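Chain residues, written in single-letter form:
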Amino acid sequence: MEWNQSTLQFLSQCFLHTLSPLPEPRRAAEKQLLEAADQPNYGLAVLRLVAEPAIDEQTRHAAAVNFKNHLRSRWLPAADSGISPILDSEKEQIKTLIVSLMLSSSPRIQSQLSEALAVIGKHDFPKSWPALLPELNANLEKAAVAGDYASVNGILGTASSIFKKFRYQFRTDDLFLDLKYCLDNFAAPLTAIFQKTSSLIDSSASSGGSAAILKPLFESQRLCCRIFYSLNFQDLPEFFEDHMNEWMGEFKKYLSTNYPALETTREGLTLVDDLRAAVCENINLYIEKNEEEFKGFLNDFALVVWTLLRDVSKSPSRDQLATTAIKFLTTVSTSVHHTLFAGENVIKEICQSIVIPNVSLRSEDEEIFEMNYIEFIRRDMEGSDVDTRRRIACELLKGLAANYKTQVTEVVSLEIQKLLSSFSANPAANWKDKDCAIYLVVSLSTKKAGGASVSTDLIDVQSFFTNIILPELQSRDVNSFPMLKAGSLKFLTLFRSHIPKPFAMQLFPELVRFLKAESNVVHSYAASCIEKLLVVKEEGGKGNRYSAGDISPFLLQLMTNLFDALKFPESEENQYLMKCIMRVLGIADISAEVAGPCIGGLTSILTEVCKNPKNPIFNHYLFESVAVLVRRACERNISLISAFETSLFPSLQMILANDITEFLPYAFQLLAQLVELNRPPLSPNYMQIFMLLLSPESWKRSGNVPALVRLLQAFLQKAPHEVTQENRLSQVLGIFDKLVASPSTDEQGFYILNTIIENLDYSVIAPYMTGVWSALFTRLQNKKTVKFQKSLVIFMSLFLVKHGQAYLVETMNTVQPNIFTAILEHFWIPNLKLIMGSIEVKLTAVAATRLICETQALLDPSGAKLWGKMLDSIVTLVSRPEQERVLEEPEMPEISENVGYTAAFVNLHNAGKKEEDPLKDIKDPKQYVVASVSRLASASPGRYPQIIGENLEQVNQAALLQLCNAYNCGIA
């Protein structure tokens, strides 16, 4: 793409139209830009447009965003992505222009170009872009002298972006070489600008400087702190160790000094707090990683941070500062310097002045509870609130308890009593104190290793439950004090294994009642509590504590309330309710009177979510619920299948007809389940779907493949006659060919092939076997992997046990004369030991045994060596544990199949295919092996002991003898 007036005109028009509120011009412009992006020098042309002062700011900003995204996708695309990369000559020109252009741009455009620069830096810096750091340094020095903090902060922001990689990449020699280069070139300039800016802040603050002057200076210091964090993350660099006094002195100053010119406005206070939070992260890093070098500064910082926390208000704008400061104290409490907290009343003071104020509910928490229940639950129930004040304050107590458990328990127990007394004195006014007490108990409980059981030293669980929690759960009004109700339900959920079964059964109707609560959090917690109670194991882990009979008395009411709760505003796609439905259906006795309303409710929800799939977790539990309902209802009464088909088919056909990508894998799995439950002949509806299966279009999306294979297997099992009509089998084998050719789908190809072998007569498959073996041997020659080798051994074994060794040898040799012997010697014998899984081991051991007992080529004297080697492999397979004989190979996924968005396959547990045993009559493969070899040997006395002695490893000869003795068989 040449840079001229017409290119400028074309690009500026396109970017202007991408901002249009009308979809037609917007889509047309996006399409034109997408096509133009394939041309050489497109990125350079867009960058020049961004630099063009005559073009309006909005258009240039759109171009800057496009430029950044263009670099992301094309600077270094994956080799097999099909995306053409930016040419090296264009890259060099972009790198020459971008820094100066970024520094001369407005803040909005500067931010986009800084991100674009970071994209280049991620791939090229420092090795392929040695000019970057010297250029940044020169510009930084020039901007600092001129007092141009817009440019200073642009440079620091860019440096911060490119140095971030030192925080998350693995420690390697290359990484440390890059880090050393950055330290050698940037540590000194960084320290210089940090100290210069500090002096400017001091002089401005002391002379009553305005907020406008201070704001860019504080932003500059925050960026310096983030760069300091990145450069110090891996190890303590020598430069920073030598200059620790300067840095720590400034850090302490920002934590202990007030800046009224800024702090009187909310925006200014946030700016100061952001700097303080960055300082807290830095000192936290030093206490974690450089404890010895930092210890001289520790006392002062602990005192400063403690003092700061006492003054930090409950305002949400100060949350980040509060959490990072508390995190620092938590790190100190678990370090060797924990004795700082050993003084008299220190823990009590921390609890009263830091923990309780930060655990107490704020109006913001109530607002989130009411207005955004998903976010509230995510923080409260799912533990993603690790950086909220409530959770971090409790983490501080846990840290202190690591060394001062008795004191912490005493202090917190006393505080809990105070809070509960305050509540008792005036429940309506002081309900937040009770919430705080419950939160402390729940958050400070400890999970026992290796299980879901929890314990606490703060309270007696039974007593606390009876006196504090139960009154909330027995309250007649499910809508009063909803946050207390939610806290009580959370307590019951957490301590569910402590509650005796008879007591829990009395509570069950109360939990069912709480599903009617208007609060989204309360009915979600009630559903979650029921769901988790139903999976509580008996002591010792033997079976579930609650069975179908336990929930039968409330089942209809429970299901009614669950489906009604899904009608509450904001809960139409409530994943906790749907998970509870799934769990109940998995345990309850599903009679026709339960199945009817349930399938009706689930299909109406399915019809609704098909219009706009939004919540993948909810949708997954919805399909699991349908699958478990169909499976368990039909186990009890197979005649219900037609009612299920009537209800489900319209929704499933809508998913297929409208190509609802997210739901296709689920729909195919449900259809497979329905086909398997049917008795032949299958209805025309199913056969229409079978024809859809044969279309190559259906197999293009990798996310659909496992589900399509599962459905194809179901048709092969239930309608083998229909599958073999009108050349359909060759179409099915065409699908197998395509799947088996790729390492990412070969296993799915074998599932189809194995199902064909198991369900179709030999006369039907015989004409196709030469083609099948050719495809398999070609793949074996071109790209063999451990997974493919195992699958091929299993397939050959299945073919042999189903159709006999004679057909196996004969069909293989049609590909190439005597190929069977070569495959046996070089592939089957060495790979037999790789097989895992009880059914697979039995199948392959029996097949290999039949091979050596029935195949003429191996029974001939000329085949004695191969006979012995195969027996050696069989003995290894049946006598040695898996870990001794199996070598797993880490297999690289094919990257091309993971590029871009594709709906991933998600397995439906409740629609799973039962693993079939093709040799149900044979119970013990070891016995089968020795009995068969013993019978063979008895027909030729004296022959086989010699072959065994010459070809079996010593350890396998001993193992074979042991097996013969165990089953009372001899080989003579």
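Everything discussed here concerns the structure shown above.
Notes on the structure follow. This is a predicted model, so every value here is computed, not measured.

Right, let's talk about unusual backbone geometry for a bit. In this chain, Phe125 is followed by Pro126 through a cis amide linkage whose omega measures 0°. Structurally, Pro126 can be placed in the loop between helix H6 (107-124) and helix H7 (132-146). The amide bond that connects Pro680 to the next residue, Pro681, takes the cis arrangement and shows omega of -5°. In this fold, Pro681 is placed in the loop between helix H33 (664-677) and helix H34 (684-693). The phi dihedral of Asp659 is positive, around 50°, even though this residue is not glycine. In the Ramachandran plot, Asn968 falls in the positive-phi region, its phi being about 60° despite a non-glycine side chain. Within the secondary structure, Asn968 is located in the segment after helix H50 (954-966).

Glancing now at the packing of helix H1 (residues 5-18) against helix H2 (residues 23-36). With their axes 8 Å apart at the nearest point, H1 and H2 run at an angle of 135° to one another. Viewed along their axes, H1 and H2 adopt a mutual orientation that is oblique. The handedness of the crossing between H1 and H2 is left-handed. Note on element contacts: H2 touches H1 through Pro25, Arg26, Ala29, Glu30, Gln32, Leu33 and Ala36, opposite Phe10, Leu11, Cys14, Phe15, His17 and Thr18. The residue makeup of the contact of H1 with H2, split by class, is 8 nonpolar, 3 polar and 2 charged.

The next point concerns the pattern of salt bridges. Counting across every chain of the model gives 55 salt bridges. Across the pair Asp235 and Arg171 runs a salt bridge, and its minimum N-O distance is 3.1 Å. Taken together, the residues Asp235 in the loop between helix H11 (211-232) and helix H12 (238-242) and Arg171 in the loop between helix H9 (165-168) and helix H10 (173-206) connect sequence positions 64 residues apart. A salt bridge links Arg362 to Asp365; the nearest nitrogen and oxygen atoms lie 3.8 Å apart. Asp365 sits in the buried class, given a relative accessible area of 12%. Linked through salt bridges whose partners overlap, the residues forming this network are Glu263, Asp273, Arg276 and Arg318.

This paragraph deals with H7. In a regular helix each residue adds 1.5 Å, so 15 residues correspond to 21 Å; H7 covers 21 Å between its end C-alpha atoms and thus fits that length. Burial in H7 covers these residues: Leu132, Leu133, Leu136, Asn137, Asn139, Leu140, Ala143 and Ala144. Check the buried side of H7 and you find it contacts helix H5 (88-104), H6, helix H8 (149-163) and H10. Looking one or two places after H7, you find Gly147, whose phi comes out positive at around 70°.

Negative charge collects at one region of the surface, where Glu238, Glu241, Asp242 and Glu293 lie side by side. Sort the elements by how many residues they give to the negative patch and H12 lands first, with 3 residues. Secondary-structure assignment places Glu238 in helix H12. Given the relative accessible area of 62%, Glu238 is considered exposed.

The next subject is empty space enclosed by the protein. A complete count under the given rule lists 3 cavities of 30 Å³ or more for this structure. Of the pockets and cavities examined, the second largest cavity occupies roughly 120 Å³. Residue assignment for the lining of the second largest cavity shows that the elements contributing at least two residues are helix H20 (373-380), helix H22 (431-443) and helix H24 (482-494). Each residue belonging to the lining of the second largest cavity can be placed in one class, and the counts come to 8 nonpolar, 1 polar and 4 charged.

On to the side chain of Thr844, then. Counting through the fold element by element, Thr844 comes out in helix H44 (residues 838-854). By relative accessible area, which is 0% here, Thr844 ends up buried. Reaching out from Thr844, the side chain makes a polar contact with the backbone oxygen of Glu840 at a distance of 2.8 Å. Among residues more than four places away in sequence, those in contact with Thr844 are Val793, Ile794, Ser797, Leu832, Ile835 and Leu877.

So, on to the nonpolar core. In this structure, Phe163, Leu440, Phe491, Leu776, Phe795, Trp828 and Trp867 are the most contacted members of the largest nonpolar core, which totals 343 residues. Tallying contributions element by element places helix H21 (residues 389-425) first for this core, with 14 residues. Every residue in contact with Trp828, bar those within four places of it in the chain, is listed here: Val793, Met796, Ser797, Leu800, Leu808, Phe820, Ile823, Leu851 and Met870.

Rules behind the numbers
Residues numbered from 1 in each chain as written. Predicted model: local features only at pLDDT ≥ 70, side-chain atom pairs only at ≥ 80, totals over all residues. Heavy atoms only, no water. Helix = DSSP H or I, 4+ residues; strand = E, 2+ residues; numbered from the N terminus. Axes fitted to C-alpha atoms, helices over the stretch in contact; angles between N-to-C directions. Parallel < 35°, antiparallel > 145°, perpendicular 65-115°, else oblique. Left-handed = near helix turned anticlockwise from the far one by under 90°. Contact = heavy atoms within 4.5 Å. Nonpolar A, V, L, I, M, F, W, Y, C, P; charged D, E, K, R; others polar. Salt bridge = Lys/Arg side-chain N within 4 Å of Asp/Glu carboxyl O. Buried < 20%, exposed > 50% of the residue type's maximum accessible area, 1.4 Å probe, protein only. Expected span 1.5 Å × (residues − 1). Patch = residues over 30% accessible without salt bridge, like charges linked within 9 Å, V, L, I, M, F, W, Y side chains within 5 Å. Areas by Shrake-Rupley, 256 points an atom, 1.4 Å probe, with all protein chains shown as cover. Lys, Arg positive; Asp, Glu negative; His and termini not counted. Charge placed at Lys NZ, Arg CZ, Asp CG, Glu CD. 1 Å grid on protein atoms, 1.4 Å probe; cavity = no way out; pocket = protein on both sides within 12 Å on 5 of 7 lines; lining within 4 Å. Points joined across faces, edges and corners; volume = space filled by probe spheres on them. Polar contact = N/O pair within 3.5 Å; in protein donor to acceptor, adjacent residues only side chain to side chain. Core = buried A, V, L, I, M, F, W, Y, C linked by side-chain atoms within 4.5 Å.

Fair warning: the whole summary comes from geometry, so function is off the table for now.
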